[in-house]
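Chain and residue survey
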Amino acid sequence: MTGWTADRIPDQHGRTAVVTGANSGLGLVTATALARHGAHVVLAVRNTAAGRQAARRIGGNVEVRELDLASLASVRAFAATLAVDHPVLDLLVNNAGAVLLGPRRTSPDGFELHLATNLLGHFALTGLLLGNLAAARAARVVSLSSVTHRSAHLDFADLMGERGYRAAAAYGRSKLATTIFGVELDRRLRAAGSPVLSALAHPGITRTNLTPRAWENRGRRGRVIAWLGLLATQSVAQGTLPQLRAATDPGVRGGQFFGPSRLFQTWGPVTEVRCSREAADPAVGRRLWTAAQELTGVSYL
């Protein structure tokens, strides 16, 4: 398998990166690659014990901080202390995500848990740290999408999934919302003349991706889909390359979206991909941005 690899990551010495969900899976590989190329990496994790174990595995210049993206109080507390300790931030990788099977669950703030974790927590975090990112010479925000966003649709009359809840669909909607956020963030940063760049990535189907399991709730058809999905699985190291490219490639432009190149973007070498029509719609972007501001109480751009 050829194409862009982690060997092409430029020297990261002197740069400070925040990676959410950095104690396992895609986040751990991302944090490890950044640290090994010289970055100071903040492991933003819900479970600090697991985070400390990850930090020992990574080595290098890393620190562990507690962050529960499902709790806006936790997001605000994390951002407040981080902003003081690191006045300049070069990179924010919004990697953490929830894939929850079973019945509908809500966050401490009363939001559907997929949306709370995958979109609202990262929306608030980005806004609260935007000043620190703008203080850097060439800062980036990377939003982690999913191939499932392409078949999802947002119902603004039922963003919290209170009617006819299905876990797989809720996950897809949350990842569509995350994709819309990344695209709309790019529009707003450009309009504001900000030096911060917004890029997006998705990992296809990797061996740590729980999305195929969510299909099993659909009975025999779902099990077949899940089994077929496993045929296209790729290693977590390969699945992490799109977000590493979005985070570090000097040639990345605002709004670019990276993912696997083969079998409907489920695996393969990194390439630039397109988001769904709904994710790219400016009217949808504006509407979701307004809703996210109202729900989180964090307003910016």
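Anyway, here's the lowdown on the structure attached to this text. The shown structure was predicted, so the numbers you read here are calculated from the model rather than taken from an experiment.

Quick look at the sheet that holds strand 3 (residues 62-66) now. Here we have 8 strands laid out as an open sheet, ordered 3-2-1-4-5-6-7-8, and mixed in their pairing. Only two strands of the sheet have a single neighbouring strand rather than two, namely strand 3 and strand 8 (267-272). In this sheet, adjacent strand axes meet at a mean angle of 20 degrees when their direction is disregarded. With 5 bridges connecting them, strand 1 (residues 16-20) and strand 2 (residues 40-45) associate as parallel partners. Bridge assignment links Thr20 to a residue of strand 2, and that residue is Ala44. On the sheet, helix 4 (residues 113-134) packs against strand 1, strand 4 (91-94) and strand 5 (140-144) and is oriented at approximately 175 degrees with respect to strand 4. Docked against the sheet, helix 5 (residues 167-192) engages strand 4, strand 5, strand 6 (197-201) and strand 7 (257-262), running at close to 155 degrees with respect to strand 6.

Before going further, it helps to spend a moment on the pairing of strand 1. Where burial is concerned, most of strand 1 is hidden: 5 out of the 5 residues are buried. What you see with strand 1 is no split at all: Thr16, Val18 and Thr20 on one side and Ala17 and Val19 on the other are buried throughout. In this fold, the crossover linking strand 1 to strand 2 by way of helix 1 (residues 25-36) has right-handed handedness. Both strand 1 and strand 4 contribute to a ladder of 3 bridges, which runs parallel.

Side chains that are three or four residues apart share a direction in an α-helix, a result of its 3.6 residues per turn. Over its 12 residues, helix 1 extends 17 Å from the first C-alpha to the last, a length consistent with the 16 Å expected when each residue adds 1.5 Å. Taking burial as the measure, the 12 residues of helix 1 include 9 buried ones, the bulk of the element. Those residues of helix 1 that sit buried are Leu26, Gly27, Leu28, Thr30, Ala31, Thr32, Ala33, Leu34 and Ala35.

The next subject is the packing of helix 5 against helix 10 (residues 282-296). Interhelical geometry of helix 5 versus helix 10 gives an angle of 100 degrees and a closest axis separation of 9 Å. Judged on the interaxial angle alone, helix 10 and helix 5 are roughly perpendicular. Contacts between helix 5 and helix 10 involve Ala177, Ile180, Phe181, Glu184, Leu185, Arg187 and Arg188 on the former and, on the latter, Pro282, Val284, Gly285, Arg286, Leu288 and Trp289. Here the residues of the contact of helix 5 with helix 10 are counted per class, giving 8 nonpolar, 1 polar and 4 charged.

Rules of the game
- Residues numbered from 1 in each chain as written.
- Predicted model: local features only at pLDDT ≥ 70, side-chain atom pairs only at ≥ 80, totals over all residues.
- Heavy atoms only, no water.
- Pairing = 2+ DSSP bridges.
- Helix = DSSP H or I, 4+ residues; strand = E, 2+ residues; numbered from the N terminus.
- Axes fitted to C-alpha atoms, helices over the stretch in contact; angles between N-to-C directions.
- Contact = heavy atoms within 4.5 Å.
- Buried < 20%, exposed > 50% of the residue type's maximum accessible area, 1.4 Å probe, protein only.
- Right-handed = clockwise from strand over helix to strand, strands pointing away.
- Expected span 1.5 Å × (residues − 1).
- Parallel < 35°, antiparallel > 145°, perpendicular 65-115°, else oblique.
- Nonpolar A, V, L, I, M, F, W, Y, C, P; charged D, E, K, R; others polar.

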